[in-house]
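Listed here are the chains, written in short residue letters.
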Amino acid sequence: MFDENKLRERLIPAVSGMYADTEAAVERYISAVRRFFSLYGETDDFSVFSVAGRSEICGNHTDHNHGQVVAASIDLDIIAVAKKTSGTIIRVKSEGFDEDKVDISSLEPVESEKFRSSALIRGVCDGIVKDGGTAGGFCAYTTSKILKGSGLSSSAAFEDMIGTIENHLYNGGKYDFTKISMISQYAENRFFGKPCGLMDQIACAAGGFVHINFADPKNPETERLDFSPEKYGYSLYIVNTGGSHADLNDDYASVPAEMKAVARFFGRDVLCGLTKDEIIDRTGELRKVVGDRAVLRALHFISENERVCRISEYIAKGDIKGFLSVINESGRSSATVLQNYYSTKAPSEQGIGLACAIAESVMEGDGACRVHGGGFAGTAQVFVPADKEEKFIRAMECAFGKGSAVRLMVRPVGAVKVI
């Protein structure tokens, strides 16, 4: 018979430090276990997992061209209750969605699954098998606090979750966060149909602040950074402007495609290694071949890589003002050079730019703001000074509704088996 008190006793130390409110987190896990039992039957043989959402701190649209990123795992996460089953059927019921039922006896991409979570499940399993691991059946219930379309990487966290479950149920937990992330990216690229980079998956799985260098994408260099904005009197917020990332796959795809078009002009596959001078010296020719926006996006890539290196140096020095200045530079470049603050399909919807403009006005020269995640819709990221928090929240809720400004806590673990 299920004993909630014993489960609570196990969960409290397991999740301590992962959330701002441990008690509320434990109750959320217990509720998920109850729901799992209602779907798949009560059992003592179950496991509980968590994968963090992520906040990209600096390095907007650099990973897919083998650039650099600073990101952080956050306390808005996806949790799962799962048990191993015999056979090749994977059943995943995510809160608010129909159950996915995937037979992994076939691990070829399925056209009708494109852009669906079932494609990610099949793709992760294929990636594990191709890496020499084992993929098998399980049933799971998941619930997520990662806002869909928020730039907090709900899809990357889901991929990492499937990989983490398979890793522990069938592979003895042998895969580290980098390998799980690479398998997840493979699933999203080949099965889901989105040509994403690797930053989202690593940032969700790693834990804490992390500097990632993708110069060698098969062996990305990662360095954890010890940093807390709260120590210096600033809190990290995301502002949900109400925009959705649905139907924006073409916008996302255009960024790496245009950057790589510039790279091909120079006989390269990606922009990594090119300099501003090389691009500027050939701009006249480039404009005719790839167009102005592609040139601008290439210039953003090079400058953004430099900003990532600078922000890591400021973090190491504990220079909060330098840190904030780079965040603001990244925001300005994303808005005007990269051009991912809104979709050209809906030019009247510019919530990200509006949120940043309001934040700058409220903070009166202090703090920092920029686009959050891949852009085009969804959320802004703001580092808010403590003495401006109340005014900031009030202003954002006036513009975007109650609860639109969400305070984040950077958590020390990313993808983890909780119990």
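Look up: the structure comes first, before these words.
Below is a summary of the structure that appears in this document. (Residues numbered from 1 in each chain as written. Predicted model: local features only at pLDDT ≥ 70, side-chain atom pairs only at ≥ 80, totals over all residues. Heavy atoms only, no water.)

What follows is about the overall build of the protein. Helices and strands together make up the secondary structure of the protein, namely 13 helices and 12 strands. A principal-axis box enclosing the C-alpha atoms of the protein has dimensions of 70 × 50 × 40 Å. Contacts in the protein between residues at least 24 apart in sequence constitute 73% of all its contacts with a sequence separation of at least 6. Of the roughly 17,300 Å² of accessible surface on the protein, a fraction of 48% belongs to carbon and sulfur atoms. Separation of charge centres in the protein, based on 48 positive and 57 negative side chains, amounts to 2 Å. (Helix = DSSP H or I, 4+ residues; strand = E, 2+ residues; numbered from the N terminus. Contact = heavy atoms within 4.5 Å. Areas by Shrake-Rupley, 256 points an atom, 1.4 Å probe, with all protein chains shown as cover. Lys, Arg positive; Asp, Glu negative; His and termini not counted. Charge placed at Lys NZ, Arg CZ, Asp CG, Glu CD.)

Attention shifts here to the side chain of R122. Mapped onto the elements, R122 comes out in helix α3 (residues 117-130). Look at R122 and you get buried, because its relative accessible area is 7%. Not counting residues up to four positions away in its chain, the partners in contact with R122 are V102, D103, I104, S106, L107, E108, V110, E113 and F191. (Buried < 20%, exposed > 50% of the residue type's maximum accessible area, 1.4 Å probe, protein only.)

Counted as a void, the second largest pocket has a volume near 380 Å³. Taken together, 21 residues line the second largest pocket, and the ones lying closest to its centre are M182, Q185, Y186, N189 and P217. Among the secondary structure elements, those contributing two or more residues to the lining of the second largest pocket are α3, α5 (177-192) and α7 (249-265). Examining the composition of the lining of the second largest pocket, we find that six residues originate from one element, α5, more than from any other. (1 Å grid on protein atoms, 1.4 Å probe; cavity = no way out; pocket = protein on both sides within 12 Å on 5 of 7 lines; lining within 4 Å. Points joined across faces, edges and corners; volume = space filled by probe spheres on them.)

Moving on to the sheet that holds strand β11 (residues 405-407). With antiparallel pairing, four strands are arranged side by side in an open sheet as β9-β10-β8-β11. The open sheet terminates on both sides in strands that have one partner only, identified here as β9 (368-371) and β11. Ignoring strand direction, the axes of neighbouring strands in this sheet form an average angle of 25°. Contacts from helix α11 (residues 320-338) reach β8 (234-240), β9 and β10 (379-385), with the element oriented near 35° to β9. With respect to the sheet, helix α13 (residues 389-400) is in contact with β8, β10 and β11, its orientation differing from that of β8 by roughly 5°. (Pairing = 2+ DSSP bridges. Axes fitted to C-alpha atoms, helices over the stretch in contact; angles between N-to-C directions.)

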